[in-house]
Structures are given as structure tokens and as C-alpha cells.
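Coordinate inspection notes
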Amino acid sequence: MGKQVWRAVVAGGAAAVFTAVAAVPAGAAEGGASFSRVQVNGGKPIVIGTTKEVAVPASFRMTTTKPWKAPGLVFLHRNSGEEQLWHSIETNDCPNQVGACDINETMYFDPSVWDMRNSEAGAWRVGAEVRFKDGSGDVDDKGMTVYVQRNSRLTVNASPEPVAKGRTITVTGKVTRANWETRKYAYYGGRHVSLQFKPSGSASYSTVKKVYADGSGKLKTTVKASKSGTWRWAYYGNTTTGPSTSSGDNGRREVTSAVPTGR
């Protein structure tokens, strides 16, 4: 996947399916079209798990000087266009085939159907292309970077439940992330994860301390109880892995919070 990937383009109500064949040299411009107002996923990273299809919105304005064969599109590429990343693409049609057209697009990524490599996580560039009726085309690099990330997950457990004020609470958990090649979640060791607490009656969490996961992705730390509330772990991600938070743990009664006493 990545170099010769099928894409579906909706044109005039009917889906036309074809393969990508064009490489995209950085800054290339074959002529006949210009692409502006390009946006992909609202500027946010694209986070993909192991089973669910991810729909990524994109939009742009295409201005052409000659009739096109199918509406233009934007896509992800790297290595000067030798690698291209998507599973299918849908775009709206244009009322005219010459001049300006505002296009809304959706790129779909489905790791349960298409093979993905873990090495595909990271930075990708945004390209744009259109094919004309005369057999020529225009393929441009837009100088934009989009990060594609592996989804992460966190678990949490605070014990004992309940606990008396002033006693020690042990909070454990585990951080994992999507392995696209096995289509399962695997441990993600060495991560710097925040332990957060929300007092009873409060609407927001605050960070109590930060803990490194061990080599198996396991988290463990202790705090002293001072008030009732709910615990969770929060991981803020990196260029290849998306952020995540665990569910909150308040046990049979609300777990109590407080002052860090060590890892």
C-alpha cells in the first residue's frame, strides 16, 4: 500500500474507480491548473486504529484553463511522490470543467481492509492533482505537512477502594498503541504519562504527577488520599502516535486524591 492504491472518485453521481500513477516531485507544476485554499482534516493529525474506517475531510479550490477528465483531488505523499497514502477518496462534482471550482473531499483509511505498515506513521506532504481530457495533467506539491498517527489507549485502576483519608492509593494502568501490521494493540513502553485527578463535584481534571511507563507499557505510582474524586491517565502523543486518556476510576466509592508521595 502507498504507491499504487485504488481510489474512488464520485463524479456526476456515479463512482469512477482508477489507480494513481503520477509521482509528485516537490514543487512540480505541469500546468493547466492551480490549487488554493487547501485544508486537510482541519489541520489536525489523522489518527488511525486497527479496525475502524477513518473519514478525513479535505477541501480546496481548483482553477483550470482546460476541461478536466475527472474532478481534482488532494492526497498524501512522501519521497517526492513515490509513496502515496489513502484507501479511497470521494469528491463532489463541479458545475463546469473550466475555471474555478470549490471541492469538498473525503479521504478514507480502513486498516481492517487494507494492509498498513507501522512505518507509514509520521509526516506526510499534501499533493493535488487533476487529469485533463486531452490526456495531460497537473500534479502539485502544496508544501503542507499532515501527520498520520497510530491510535493509543490507556487503562487505569486505583486501589484500595474505598480508602480512608490520609492513606496511600496505588494507581496502575497500561499504555498501548495500534500495530497496523498485526491489527492489534501492543504495549508502548517508556511513555511519559500524566496522572490526573478530578475532585467530586468538579468538571475538570488537573495533573497530579507524571510517570514513565516501564518497558511493557505498565504504569504504577502512589499518592495519599485527601478528598474524594476520580483518577485517570493522560498521554499527549507524539509525531507517530495519537494522544489518549483512560476512563476515570472512582471504584465502589469515589477514590480520594492528593499529594504525590513518589512513583
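Anything mentioned here points back to the structure above.
The present account deals with the structure reproduced in this document. Keep in mind it's a predicted model, so treat the numbers as computed, not measured. (Residues numbered from 1 in each chain as written. Predicted model: local features only at pLDDT ≥ 70, side-chain atom pairs only at ≥ 80, totals over all residues. Heavy atoms only, no water.)

**Focus on the state of the cysteines**
For the record, the criterion: Put simply, a disulfide is two cysteine sulfurs that come within 2.5 Å. Only protein chains enter the area calculation, which uses a 1.4 Å probe; residues under 20% of their type maximum are buried, those over 50% are exposed, and those in between are partly exposed.
Tallied over the entire structure, the rule returns 1 disulfide. With a sulfur-sulfur separation of 2.0 Å, C94 is cross-linked through a disulfide to C101. In this structure, the disulfide formed by C94 and C101 twists by about -95 degrees around the S-S bond and is classed as left-handed. The exposure class assigned to C101 is buried, which follows from its relative accessible area of 6%.

**Section: the pattern of salt bridges**
The condition is simple: For salt bridges, the criterion is a side-chain nitrogen of Lys or Arg within 4 Å of an Asp or Glu carboxyl oxygen.
Inspection of the entire model under this criterion finds 8 salt bridges. Ionic pairing is found between R131 and E129, a salt bridge with its closest N-O pair at 3.4 Å. The exposure class assigned to R131 is partly exposed, which follows from its relative accessible area of 26%. One connected set of salt bridges, linked through shared partners, spans R78, E83, R117 and E120.

**Regarding the packing of aromatic side chains**
Selection criterion: Note on aromatic contacts: the rings of Phe and Tyr and the six-membered ring of Trp form a pair at centre separations within 6.5 Å, being stacked when their planes are under 30 degrees apart, edge-to-face when over 60 apart, and tilted otherwise. Think of it this way: any DSSP run of H or I at least four residues long counts as a helix, any run of E at least two long counts as a strand, and we number them from the N terminus. Our definition puts a charge over a ring when NZ of Lys or CZ of Arg is within 6 Å of the ring centre and also within 35 degrees of the ring normal.
Tallied over the full model, the rule gives 4 aromatic pairs. With centroids separated by 6.1 Å and ring planes inclined at 55 degrees, the aromatic side chains of F35 and F60 adopt a geometry described as tilted. Of this pair, F35 sits in strand β3 (residues 33-40) while F60 sits in strand β5 (residues 54-64); the two residues are 25 residues apart in sequence, bridging distant segments of the chain. One exposure class covers both F35 and F60, and it is buried. Plain terms: the ring middles of F75 and W86 are 5.4 Å apart, the flat faces sit at 70 degrees to each other, and that makes the pair edge-to-face. With a gap of 11 residues between them, F75 in strand β6 (residues 68-78) and W86 in the loop between β7 (83-85) and β8 (88-91) connect regions that are remote in the sequence. Taken individually, F75 and W86 each receive the classification buried, so the pair is uniform in this respect. A cation sits over an aromatic face here: R191 above Y188, 4.2 Å from the ring centre. Above the plane of the ring of Y205 lies R232, whose end atom (NZ or CZ) is 3.9 Å from the centre.

**Here's the deal with the nonpolar core**
Worth spelling out the cut-off: Among buried residues, the Ala, Val, Leu, Ile, Met, Phe, Trp, Tyr and Cys ones that are joined through side-chain atoms within 4.5 Å form a nonpolar core. A contact between two residues is defined here by any heavy atoms of the two lying within 4.5 Å.
Counting 36 residues, the largest nonpolar core has V40, I46, I48, V74, L76, F109 and V148 as its most contacted members. Setting aside residues no more than four positions away along its own chain, L76 makes contact with I46, E83, Q84, L85, W86, M107, F109, W124, R125, V126, V146 and V148. One finds L154, L195, V223 and W231 within the second-largest nonpolar core, a separate group that totals 19 residues.

**Topic: the sheet that holds strand β4 (residues 46-48)**
The condition that has to hold: Any two strands with at least two DSSP bridges between them are considered paired. Lines fitted to C-alpha atoms define the axes, with helix axes restricted to the stretch in contact, and inter-axis angles between N-to-C directions lie between 0 and 180 degrees.
Reading across the sheet, the 5 strands line up as β4-β11-β10-β6-β7 and stay open at both edges, with mixed pairing between neighbours. The sheet terminates laterally at β4 and β7, the two strands that pair on one side only. Between one strand axis and the next, the sheet turns through 45 degrees on average, direction left out of account. Relative to strand β10 (residues 122-132), β6 runs antiparallel, the two being bridged by 7 bridges. Its bridge partner being in β10, W68 is matched across the sheet by F132.

**Considerations on the sheet that holds β5**
If you walk across this open sheet you meet the 4 strands as β3-β5-β9-β8, and the pairing is antiparallel. Every other strand in the sheet has two partners, leaving β3 and β8 as the edge strands with one partner each. Across the sheet, the axes of successive neighbouring strands diverge by a mean angle of 25 degrees, strand direction being ignored. Of the pairings in the sheet, the one linking β8 to strand β9 (residues 99-109) comprises 4 bridges and is antiparallel in character.

**A word on the pairing of β10**
With 8 of 11 residues buried, β10 is to be regarded as a mostly interior element. Of the strand pairs in this sheet, β10 and strand β11 (residues 137-150) are connected by 9 bridges, and their pairing is antiparallel. Considered in β11, the bridge of A128 is made with D140. The hairpin turn running from β10 into β11, its antiparallel successor, is 4 residues long, and G135 in that turn takes a positive phi close to 95 degrees.

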